Amino acid sequence: MSRFSLIFFLSLLLHYSSLSLSIPFNYSLHIDCGGHVNSTDAFHTTWLSDRFHSGGATSVVSEPLHFHHQQEKTLRYFPISSGKKNCYSIPTPAAGGGGRYSLRTFTVYDNFDGKSHSPSFDVSVEGTLVFSWQSPWPESVSRSGAYSDLFFYSNDSVVNLCFYSIATDSPVIGSLELTQIDPNSYPYNYPKNSTNYILVNYGRFSSGSDQWGPGFTNDTDFFGRSWQSDAEFRLPSVSITNGATIKAISAIKNILNAEKSPNYFPEKLYQTAITASGNGGRVLEYELPVDAKMDYLLVFHFAEIDVSVTKAGQRVFDVIVNGDNASRIDVYKEVGGFYAYDWSYVVKNLSSTTLSVRLESVVGAPVICGLENYAIVPVDLKTVPEQAIAMRALKASLHVPDRMGWNGDPCAPTAWDAWEGVTCHPTKDESNLVVSQIDLGSQGLKGYVSDQIGFLTNLVSLNLSSNSLGGNIPSGLGRNSLVKLDLSNNKFTGFLPDSLTSSSLQLVLLNGNLLEGQVPDELYSIGVHGGAIDLSGNKGLCGVPSLPDCPLFWDKNGLSTGGKIGIGLSCLVIICALVFGIYYICVKRRHNEYDFGLPHELM
């Protein structure tokens, strides 16, 4: 989905970065993807060796000396042999049951494989598509790499960051960083709860300064945000008349209200600003690259740091977004001098790939300390939790090979295919996704079918034919909506579960197994009422046409209750006979001993 492509923004975030550990919520994880040992960078951030991944292989960039940090020199890539979908499952804090997080990734190619072909692939977070990398990448990004970041909510014990191969390309990742942040951060007026959206960074700048923040300088940002120079976004052809010029200004004393909950914007952000000085009409104008047909959250940062402004009305300017007058700003009137002031604005349904922001003077010169631009990405549907757990259990019990890419959410994102061989659909209220079909015939599977398959209550069709699966058929299979069942040509043993007598079944293929017991009439009647059933090749099955008659006292579960009683009574009779015989012999022997006497001649 090209609308999520951030190549234009990522090209501005080349090289250096790490994330501060000094955060209010005391949880931050830094992973050196492809790294084999833990390391500490120049900013005293500890990077863990590569872990929590589902598969893939490691490599080193072609020109390691071009990169400043160790975590930028290694990478993990996911060849198609590892499956179309691969994931990092990153643990979240054990206590608390969910929260809001900042996720930052470093992506680099640098011709590590010698193919001179930067790959195409998609990236999702918690089942929602957030980035799309399209080949060819800009040369600067391909060679030097780029950082990207976003904010999201998660209630899970792990966060799934997944990569989906396009065609046969191998997705790549250089490093990733997960930081817990204030759950109330970045509030904005928008339909539904903000937990239903992911904020993807499309541009973040600080006015009147060079790039700074964790990984670039020793300046602290509790959320790990890096701030670019506004010069990257400011239009050089801005309309300034009557000798007005762009001017950077700096604060001469501390800024109040900075580094406060919930956003913890750093004080450094408000210590510099850009203004249009001089007489006459003055304008500051910025162009932000975006994707069309999406909504964006703009967060403006102001502070009146000019000592010559001492009262309200001395500096007033309009904020115009894509031609619409969004607001009239008088910073001193709102908060006074040397005091941080933030204001947000939502831009809806853009029709172009650029977003224009103009600050036009009303009185005095406009001023700005910084600006952030986030795409508001709706959270995609996810698999019903119980069914996701059941599918993971099924993956383990069937020994599904890595090449099938059974990683992350079984059904999400909806823009991707579900797990190979799996079909999903939304629930009636469109709140979740459910598994409706599983087709894994002739996949070389070994193992057994997990009992948790019974939690797949929307499963309509199951095909596990022509594998090497064994064990019993789970007792919960077919109890709900199952219509087609093909377990033929495996090594299943035991008796047919009662759940297979479900009236929903129309096709049952169990031929070529090691099943036993009497076939229930309800199950066999499927073939009589227009369905199809094949039970051949199971020497132990009996009791219906085309199969041998069952032995006396035999039912669907083997020996019947009457048979068991009969055998029990027979055993009791035999035991009684043996006891009586032993008793008789013993009594007879005692009698002989009592009548014993010497011959008459000896007397």
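Just above sits the structure.
Definitions and cut-offs
Residues numbered from 1 in each chain as written. Predicted model: local features only at pLDDT ≥ 70, side-chain atom pairs only at ≥ 80, totals over all residues. Heavy atoms only, no water. Helix = DSSP H or I, 4+ residues; strand = E, 2+ residues; numbered from the N terminus. Buried < 20%, exposed > 50% of the residue type's maximum accessible area, 1.4 Å probe, protein only. Contact = heavy atoms within 4.5 Å. Areas by Shrake-Rupley, 256 points an atom, 1.4 Å probe, with all protein chains shown as cover. Pairing = 2+ DSSP bridges. Axes fitted to C-alpha atoms, helices over the stretch in contact; angles between N-to-C directions. Disulfide = S-S within 2.5 Å.

**Considerations on the overall build of the chain**
Here is step 1 of the chain: The helix and strand inventory of the chain stands at six helices and 38 strands.
Here is step 2 of the chain: When each of the 603 residues of the chain is scored for burial, the buried share is 50%.
Here is step 3 of the chain: Long-range contacts, defined as pairs at least 24 residues apart, comprise 69% of the intrachain contacts of the chain with a sequence gap of at least 6.
Here is step 4 of the chain: For the chain, the exposed surface amounts to about 26700 Å²; the carbon and sulfur share of it is 52%.

**Digging into the sheet that holds strand 34 (residues 514-518)**
Here is step 1 of the chain: Ordered by their spatial adjacency, five strands build an open sheet running 28-30-32-34-36, and the pairing between neighbours is parallel. Each edge of the open sheet is held by one strand with a lone partner, namely strand 28 (446-448) and strand 36 (540-542). Within the sheet, the average angular offset between the axes of one strand and its neighbour, ignoring direction, is 25 degrees.
Here is step 2 of the chain: With three bridges joining them, strand 28 and strand 30 (residues 468-472) adopt parallel strand pairing. In the strand pairing of strand 30, Lys 446 is matched with Ser 468.

**Here we look at the sheet that holds strand 17 (residues 272-277)**
Here is step 1 of the chain: Pairing within the open sheet is antiparallel, and its three strands lie in the order 16-17-24. In this open sheet, the two strands that pair with only one neighbour each are strand 16 (245-250) and strand 24 (367-368).
Here is step 2 of the chain: As paired elements, strand 17 and strand 24 share two bridges and run antiparallel to each other. Bridging from a neighbouring strand, Thr 275 pairs with Val 367 of strand 24.

**A few points about the pairing of strand 8 (residues 121-125)**
Here is step 1 of the chain: In terms of burial, strand 8 is a largely internal element, five of the five residues being buried.
Here is step 2 of the chain: Of the two faces of strand 8, the one lined by Phe 121, Val 123 and Val 125 and the one lined by Asp 122 and Ser 124 are each fully buried.
Here is step 3 of the chain: Strand direction decides the pairing type here: strand 8 and strand 9 (residues 128-133), joined by five bridges, are antiparallel. Considered in strand 9, the bridge of Val 123 is made with Phe 131.
Here is step 4 of the chain: Inspection of the sheet shows strand 8 paired to strand 11 (residues 158-165) by five bridges, in the antiparallel sense. Paired with Val 123 across the two strands is Phe 163, which belongs to strand 11.

**Focus on the state of the cysteines**
Disulfides are covalent bonds that connect the sulfur atoms of two cysteines.
Here is step 1 of the chain: For the coordinates displayed, the defined rule picks out three disulfides.
Here is step 2 of the chain: Linked covalently through their sulfurs, Cys 87 and Cys 162 form a disulfide whose S-S length is 2.0 Å. A torsion of 105 degrees about the S-S bond marks the disulfide between Cys 87 and Cys 162 as right-handed. Note that Cys 87 is positioned in strand 6 (residues 85-91) and Cys 162 in strand 11, a separation of 75 residues in sequence. The exposure classification of Cys 87 matches that of Cys 162, with both residues buried.
Here is step 3 of the chain: Bridging Cys 542 to Cys 550, the disulfide has an S-S length of 1.9 Å. Residues Cys 542 and Cys 550 share a disulfide whose torsion about the S-S bond is about 100 degrees; that sign makes it right-handed. Residue Cys 542 shares its accessibility class with Cys 550, and that shared class is buried.
Here is step 4 of the chain: Taken N- to C-terminal, the disulfide-bonded cysteines of the chain are connected 1-2, 3-4, 5-6.

Distances and angles like these do not, on their own, reveal function.
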